[in-house]
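Structural overview
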Amino acid sequence: IRDKESFAYAKEIQKPWGGLDPILDWCKSELTGDWRWQLVTVSSDISPGRYIFFFDSDRDCFAFTLKWQ
């Protein structure tokens, strides 16, 4: 298990309830380097969840930002 500080890049996003699964599926199939995600705030029917994604690769961070920001 890696500590979040060991990753070179991080991106925080907010997504509504049910919005995380498509992102995780995309990450599993499209990212080339090591990555992780962290739950910051749980989503509900009235507020989005906050998540931080961590990446080793600048390419992966950029692709993620273009796709999900």
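That block above? That's the structure.
Residues numbered from 1 in each chain as written. Predicted model: local features only at pLDDT ≥ 70, side-chain atom pairs only at ≥ 80, totals over all residues. Heavy atoms only, no water.

**Describing the packing of aromatic side chains**
With the rule as written, the count across this model stands at eight aromatic pairs. Both rings, one in Trp-37 and one in Phe-53, keep their centres 6.4 Å apart while their planes meet at 25°; by these two values the pair is stacked. With Trp-37 in strand S2 (residues 35–41) and Phe-53 in strand S3 (residues 49–55), this residue pair connects regions lying 16 residues apart in the sequence. In this structure an aromatic cluster arises from ring pairing among Trp-26, Trp-35, Trp-37, Tyr-51, Phe-53, Phe-55, Phe-64 and Trp-68. Directly above the ring of Phe-7 sits Arg-2, whose terminal nitrogen or CZ lies 3.9 Å from the centroid. Positioned above the aromatic ring of Trp-68 is the side chain of Lys-67, whose terminal nitrogen or guanidinium carbon lies 5.5 Å from the ring centre. (Phe/Tyr/Trp six-rings, centres within 6.5 Å; stacked < 30°, edge-to-face > 60°. Helix = DSSP H or I, 4+ residues; strand = E, 2+ residues; numbered from the N terminus. Lys NZ or Arg CZ within 6 Å of the ring centre and 35° of its normal.)

**Observations concerning the pattern of salt bridges**
Summed over the entire model, instances satisfying the criterion amount to five salt bridges. A salt bridge links Arg-59 to Asp-60, with the nearest nitrogen and oxygen atoms 2.7 Å apart. Under the relative-accessibility criterion, Asp-60 is labelled buried at 0%. (Salt bridge = Lys/Arg side-chain N within 4 Å of Asp/Glu carboxyl O. Buried < 20%, exposed > 50% of the residue type's maximum accessible area, 1.4 Å probe, protein only.)

**Quick look at the sheet that holds S2**
Pairing is antiparallel in the open sheet, where three strands are placed in the order S1-S3-S2. Pairing within the sheet leaves two strands with one partner each, and these edge strands are strand S1 (9–15) and S2. The average undirected angle you get between the axes of adjacent strands in this sheet is 25°. Sheet topology note: the S2/S3 ladder contains six bridges and is antiparallel. Looking at the pairing, Arg-36 lines up with Phe-54 of S3. (Pairing = 2+ DSSP bridges. Axes fitted to C-alpha atoms, helices over the stretch in contact; angles between N-to-C directions.)

**Digging into helix H2 (residues 58–68)**
Within the span of H2, buried status applies to Asp-60, Cys-61, Phe-64 and Trp-68. Take H2 and look down its axis: the buried residues cluster within an arc of 100°, on one side only. Facing away from the buried side of H2 by over 90 degrees, the exposed positions are Asp-58, Phe-62 and Leu-66. The elements touched by buried residues of H2 are S1, helix H1 (20–30) and S3. (Arc of directions from axis to C-beta. Contact = heavy atoms within 4.5 Å.)

**Comments concerning the packing of H1 against H2**
Interaxial distance between H1 and H2 falls to 12 Å at its minimum, and their mutual angle equals 145°. Judged by the sense of rotation from one axis to the other, the crossing of H1 with H2 is right-handed. Along the contact surface, H1 presents Pro-22, Ile-23, Trp-26, Cys-27 and Glu-30, while H2 presents Arg-59, Ala-63, Phe-64, Lys-67 and Trp-68. Its residues placed into classes, the contact of H1 with H2 shows seven nonpolar, no polar and three charged. (Left-handed = near helix turned anticlockwise from the far one by under 90°. Nonpolar A, V, L, I, M, F, W, Y, C, P; charged D, E, K, R; others polar.)

Don't take any of this as a statement about function, it's just geometry.
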